[in-house]
Every structure is written in C-alpha cells, then in structure tokens.
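# Overview (structure and organization)
Below are the chains, spelled out letter by letter.
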Amino acid sequence: MDEALRQLVRRRAANRCEYCGLPAEYTDAPFQLDHIIAEKHHGLTVAGNLAWSCFYCNSFKGPNIAGRDETTGVIVRLFHPRNDVWSEHFEWVGPTLIGLTEIGRVTIDVLRINDPDAIEFRRLLLELDVALS
Ligand SMILES: [Zn+2]
C-alpha cells in the first residue's frame, strides 16, 4: 500500500472512522484502509474507493457491499463514504447510531455499529465530552 495514499485517506477523514465516527486516538486497535467496493468486487485501490475505518467496522464489513434491511427484506447497498453524505443516513441518539435510511440501517447492521460493547465504549467517550462525529 502506498504510504502517501494511506496518509491522504487518513487526513481526509480527520483520522476518524468514516462509518462509526470513532476518533483513532481513542482506540489501540489500528485503523485500516477500507476498500469501499472490495477488491473481490473489482474495487480499485484509488482514493475514490478508499475510506478510513476503525478495526471493528472494517472487520465486520469485510468484502460486503450490501445487506438485507431487516424491516423490509430488501437488499440494500452499504453506505459509500465517498458518494454519500453521512448525516443524510445516520444520526446519533446518545451513544446509539440510528439509521435514517435503508442504507443507514443496513450499514449499522452489517458493520455491527451498535454492538453493546461499542455502545458502552461510546457512552464513556460522551462522558469525556468526545464528539462522536
Ligand atoms: Zn468504525
């Protein structure tokens, strides 16, 4: 991986996870370059297909590019950090991330963003006055 490309993606994201908003300085688990469209699906290693992701979001996302909306049963693509506007798809209610759209709900589900341990960790961040996104 080209280190300059990695640093560009990290800086562009202000060193926060582009899915769950976690600031990198609050975790020991190393952040990763996420191929938004996985290489398995012919996604390229270019700035327009890369996102800065926490270890947890990237691990659960894996090569997924879509998920099934639990409420409608419809297959929906995941949030695309380069093409989509985060605030149109997500909203914080305390430490819990709410999906405002099918894309938001499916992304939260596939990436397990509201895992109980993640919610508890974000509750602690909020107590420290750390903005979640
Ligand atoms: Zn994340």
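Thresholds, definitions, all that
Residues numbered from 1 in each chain as written. Predicted model: local features only at pLDDT ≥ 70, side-chain atom pairs only at ≥ 80, totals over all residues. Heavy atoms only, no water. Core = buried A, V, L, I, M, F, W, Y, C linked by side-chain atoms within 4.5 Å. Buried < 20%, exposed > 50% of the residue type's maximum accessible area, 1.4 Å probe, protein only. Helix = DSSP H or I, 4+ residues; strand = E, 2+ residues; numbered from the N terminus. Contact = heavy atoms within 4.5 Å. Pairing = 2+ DSSP bridges. Donors = N, O, S within 2.8 Å, 3.2 Å for Na, K, Ca; no water. Tetrahedral: all angles 85-135°; square planar, octahedral: opposite > 155°, others 65-115°.

## Here we look at the nonpolar core
The biggest cluster of nonpolar side chains holds 32 residues, and the ones touching the most others in it are Cys 17, Tyr 19, Cys 57 and Ile 113. For this core, the secondary structure elements donating two or more residues are helix H1 (3-12), strand S2 (50-53), strand S5 (90-93) and helix H4 (102-110). The biggest single contributor to this core is H4, with four residues. Those residues within four positions of Cys 17 in sequence are excluded, and the remaining contacts are Leu 22, Phe 31, Trp 52, Ser 53, Cys 54 and Cys 57.

## Topic: the pairing of S5
Of the two faces of S5, the one lined by Phe 90 and Trp 92 is fully buried and the one lined by Glu 91 and Val 93 carries no buried residue. In this structure, the hairpin formed by S5 and strand S6 (residues 96-99) is closed by a connection of two residues, where Gly 94 is found at a positive phi of approximately 60°.

## A word on the coordination of the zinc ion
Tetrahedral coordination by four donors places them ideally at 109.5 degrees to one another around the metal; octahedral coordination by six donors ideally gives 90 or 180 degrees. For the zinc ion, every protein donor is listed as Cys 17 (SG), Cys 20 (SG), Cys 54 (SG) and Cys 57 (SG), and the spread of their distances is 2.3 to 2.4 Å. Bound by four donor atoms, the zinc ion shows angles of 104 to 114° at the metal and therefore tetrahedral coordination geometry. Counting the intervening residues between successive donors of the zinc ion yields the motif C-x2-C-x33-C-x2-C. With Cys 20 in the loop between H1 and strand S1 (32-35) and Cys 54 in the loop between S2 and helix H2 (55-61), this residue pair connects regions lying 34 residues apart in the sequence.

Spatial relationships are all this shows, so hold off on functional conclusions.
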